[in-house]
Amino acid sequence: MDYIIQGFSEALRLILALDTEVLEVAMLSFFLASFSTFLAACLGIPFSFLISQYDFKGKGLLITVLNTLLSLPTVVIGLLVFTFISNRGPLGGLNLLFTPQGIIIGQVILALPIITTLSLNTILESEEQIIKTALSLGASKKQALFILLKEIRFGILGAVITAFGRVVGEVGISMMIGGNIRGVTRTLTTAIALETSRGEFGFALSLGIILMSLSLVINLILHSFQAGDT
Amino acid sequence: MAAAIISGENIVKYYGEEKILDIEEVVIEEGLVLALMGPNGSGKSTLIKILSQLEECKQSKIYFQGELVTAKNRLAVRRKIGFIWQDPLLYNTSVYENIALSLKFRDLSEEKINTKVGEALTRLNINKLANKNAKQLSGGEKQKVSIARTLVAEPELIFIDEPNTSLDIDSINLVEEIIAEEVEKGVSVLVVTHNFYQAKSLADEVLVLKEGRLVDQDRPENLSIKEEGLLKYI
């Protein structure tokens, strides 16, 4: 029991003292997850609109594949990206392995189906009545789509925040693609795994507390968006 | 016989294998109130959506004020038609913005929008709701806002979808008052209703749909003698 109490007091000391290494890891994690989520949102939101607005052969299959990708384990994404960007892979020449850029590629692959599927569900749930009402008020198709986007903004933001939450907490991609290199690719999750195995319980706990706090903040924001929707 | 505000030819609509509508010709004369009646599933809502260009019906020909509706003039035609839905969707913004939206779609100046929205709020007696979020309104208030945002665009033809459903007696009276006022101004109105007595008191003409076919179109007094038969449809 003592070592838990000691661990927690050490963790709090590190956080309150704004320990450079703790902050560095936390900042890198936050930056990588934010950038990956931003890229995935830029691709996923328009993609979900395209899927919702056009009827094409294989649309049902595409939605099923996207839904399946929601439960894709991060180590599998890590393995897939590793296959492509390792020295022997087709993109080996780009030297992306063990770099933050490599992690971003993997995290975008993780976040993309989450943002696309959740946005698509939001659109499909409400588009018929929103679009029909806008058209009946004299909107052009473009104006009606803009109204749809405006009306479902909280649902879309919810999708983006959910993806960010998943990305910031993933370990498989960061470990396999990033290689857990100190100061370069060490994220909150990979650092927690490493420090725990090294017996640096207090350090690992301090990172865990930061990760949990980040999750709490994300959920609070998500909740406030959902409350704003009513 | 007055000129037609809207007419349709060869309106045939399928949902999957099922034929929903099969109407050779339907004509709505300018300046009249028409009641569209028929049992549930007879195709009333689909017909008004096709006539108002909210739903596609490829092989049909729709004429608005004598002009064939095509992809080119579809938006302009839609902007001359207003809709009052039985369960209106109001957008997640203020009542003022909800009403102003119809005018913003038409690119009116801020000044004109302000004046017209103010008039609409006064006409429906909902000035005090102007800054309230539309999602927080009661059913009756929602319907008033929905009527205001339709009328603010000054449509030449108004479709009213089952005004009695989910409305209290005051709101029903309000809808009937509005219909009378708009007709006075020369606006044509088509009311979808299940209430034969309301149709008789409001409408100049009654259209009866059954299983997607137009089975009767006549003045209410002429339909009265067939009342027993008609009630069977409805």
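Residues numbered from 1 in each chain as written. Chains lettered and ligands numbered in written order. Predicted model: local features only at pLDDT ≥ 70, side-chain atom pairs only at ≥ 80, totals over all residues. Heavy atoms only, no water.

With that settled, the discussion passes to the packing of helix 2 (residues 20-53) of chain A against helix 5 (residues 100-136) of chain A. All names here are of chain A. Direction vectors running N to C along helix 2 and helix 5 enclose 35°, while the axes themselves pass 6 Å from each other. Judged by the sense of rotation from one axis to the other, the crossing of helix 2 with helix 5 is right-handed. A breakdown of the residues in the contact of helix 2 with helix 5 according to their chemical character gives 21 nonpolar, nine polar and one charged. (Axes fitted to C-alpha atoms, helices over the stretch in contact; angles between N-to-C directions. Helix = DSSP H or I, 4+ residues; strand = E, 2+ residues; numbered from the N terminus. Left-handed = near helix turned anticlockwise from the far one by under 90°. Nonpolar A, V, L, I, M, F, W, Y, C, P; charged D, E, K, R; others polar.)

Before going further, it helps to examine the pattern of salt bridges. With the rule as written, the count across this model stands at twelve salt bridges over all chains. Residue Glu-10 of chain A is joined to Arg-13 of chain A by a salt bridge in which the shortest nitrogen-to-oxygen separation is 3.2 Å. In this pair, Glu-10 of chain A and Arg-13 of chain A both sit in helix 1 (residues 2-16), three residues apart, roughly one turn of the helix. As a salt-bridge pair, Lys-116 of chain B and Glu-154 of chain B come within 2.8 Å of each other at their nearest N and O atoms. Linking Lys-116 of chain B in helix 4 (residues 110-123) with Glu-154 of chain B in the loop between helix 5 (139-151) and strand 7 (157-161), this pair joins segments that are 38 residues apart in sequence. When its relative accessible area of 21% is taken as the criterion, Lys-116 of chain B is described as partly exposed. Put simply, Arg-123, Glu-181, Glu-182 and Lys-185 of chain B are held in one network by salt bridges that share partners. (Salt bridge = Lys/Arg side-chain N within 4 Å of Asp/Glu carboxyl O. Buried < 20%, exposed > 50% of the residue type's maximum accessible area, 1.4 Å probe, protein only.)

Right, let's get into the side chain of Thr-46 of chain B. Residue and element names in this part refer to chain B. Mapped onto the secondary structure, Thr-46 falls in helix 1 (residues 44-51). Accessibility expressed as a relative area gives 10% for Thr-46, which makes it buried. The contacts of Thr-46, once residues within four sequence positions are left out, are Lys-13, Tyr-15, Ile-20, Leu-21 and Glu-55. (Contact = heavy atoms within 4.5 Å.)

All names here are of chain B. For helix 4, spanning 14 residues, the distance from its first C-alpha to its last is 20 Å, which sits close to the expected 20 Å at 1.5 Å a residue. When helix 4 is considered as a whole, its buried residues turn out to be Ile-113, Val-117, Ala-120 and Leu-121. Down the axis, helix 4 shows its buried residues gathered within 100° of arc, on one side only. Away from its buried face by more than 90 degrees, helix 4 exposes Glu-111, Lys-112 and Glu-119. Against the buried residues of helix 4 lie helix 3 (95-105) and helix 5. (Expected span 1.5 Å × (residues − 1). Arc of directions from axis to C-beta.)

Side chains of Val-75, Val-76, Leu-80, Phe-84, Leu-91 and Leu-94 of chain A sit close together on the surface and give an oily, nonpolar patch of about 510 Å² of accessible area. With respect to the helices and strands, the residue Val-76 of chain A is situated in helix 4 (residues 74-85). (Patch = residues over 30% accessible without salt bridge, like charges linked within 9 Å, V, L, I, M, F, W, Y side chains within 5 Å. Areas by Shrake-Rupley, 256 points an atom, 1.4 Å probe, with all protein chains shown as cover.)

This part is about the domain arrangement of chain B. Residues and elements named next belong to chain B. Once the domains are mapped, chain B shows domain 1 (1-80 + 155-234) and domain 2 (85-154). The distance between the C-alpha centroids of domain 1 and domain 2 comes to 24 Å. Contacts between domain 1 and domain 2 engage 18 residues on the former and 14 residues on the latter. Here domain 1 and domain 2 share an interface that buries about 1,400 Å² over both sides, 59% of which is from carbon and sulfur atoms. When the buried surface of domain 1 facing domain 2 is broken down by residue, Arg-79, Pro-155 and Asp-161 rank first, second and third, together holding 36% of it. (Domains from an automatic or database assignment. Buried area = accessible area lost by both parts, 1.4 Å probe.)

The subject of this paragraph is the sheet that holds strand 1 (residues 4-15) of chain B. One key point about sheets: their strands pair by backbone hydrogen bonds, in either a parallel or an antiparallel sense. Residues and elements named next belong to chain B. What the four strands build is an open sheet, ordered 2-1-4-5; its pairing is antiparallel. Of all the strands in the sheet, just strand 2 (18-29) and strand 5 (67-68) have a single pairing partner and so form its edges. Sheet topology note: the strand 1/strand 2 ladder contains ten bridges and is antiparallel. Considered in strand 2, the bridge of Ser-7 is made with Val-27. Sheet strands touched by helix 1: strand 1, strand 2 and strand 4 (61-64). Its angle to strand 1, the strand with the most contacts, is close to 125°. (Pairing = 2+ DSSP bridges.)

Attention shifts here to the interface of chain A and chain B. Across the contact, 19 residues belong to chain A and 19 residues belong to chain B. Of the roughly 1,800 Å² buried where chain A meets chain B, counting both sides, 54% is carbon and sulfur surface. The interface formed by chain A and chain B holds zero salt bridges in total. If you list the elements that add at least two residues to the side of chain A that touches chain B, you get helix 5, helix 6 (141-151) and helix 7 (153-168) of chain A. Sorting elements by how many residues they give to the side of chain A that touches chain B places helix 5 of chain A first, with seven residues. Its residues assigned to classes, the side of chain A that touches chain B shows seven nonpolar, eight polar and four charged.

This next bit is on helix 4 of chain A. Residue and element names in this part refer to chain A. With twelve residues, helix 4 should reach 16 Å at 1.5 Å per residue; the first-to-last C-alpha distance of 16 Å fits that figure. Listed in full, the buried residues belonging to helix 4 are Thr-74, Ile-77, Gly-78, Val-81 and Ile-85. One side of helix 4 carries all its buried residues, which in axial view fall inside an arc of 100°. Elements in contact with the buried residues of helix 4: helix 5, helix 7 and helix 8 (172-178).

Another aspect to go through is the packing of helix 3 (residues 59-69) of chain A against helix 5 of chain A. In a packed pair of helices, the relevant descriptors are the angle between the two axes and the axis-to-axis distance. Residue and element names in this part refer to chain A. Packing of helix 3 against helix 5 leaves a shortest axis separation of 9 Å and a crossing angle of 125°. Taken together, the axis directions place helix 3 and helix 5 in an arrangement best described as oblique. The chirality of how helix 3 crosses helix 5 is left-handed. Within the contact between the two elements, helix 3 uses Ile-63, Leu-66, Asn-67 and Leu-69 and helix 5 uses Pro-113, Thr-116, Thr-117 and Leu-120. (Parallel < 35°, antiparallel > 145°, perpendicular 65-115°, else oblique.)

A few words now on the pairing of strand 10 (residues 213-218) of chain B. Within a regular strand, the side chains alternate between the two sheet faces. Residues and elements named next belong to chain B. Where strand 9 (residues 205-210) lies against strand 10, five bridges are found, and the strand directions are antiparallel. Note that in strand 10 the partner of Lys-210 across the bridge is Arg-213. Once strand 9 ends, the chain turns through two residues before running back antiparallel as strand 10, passing Glu-211 with a positive phi of about 45°.

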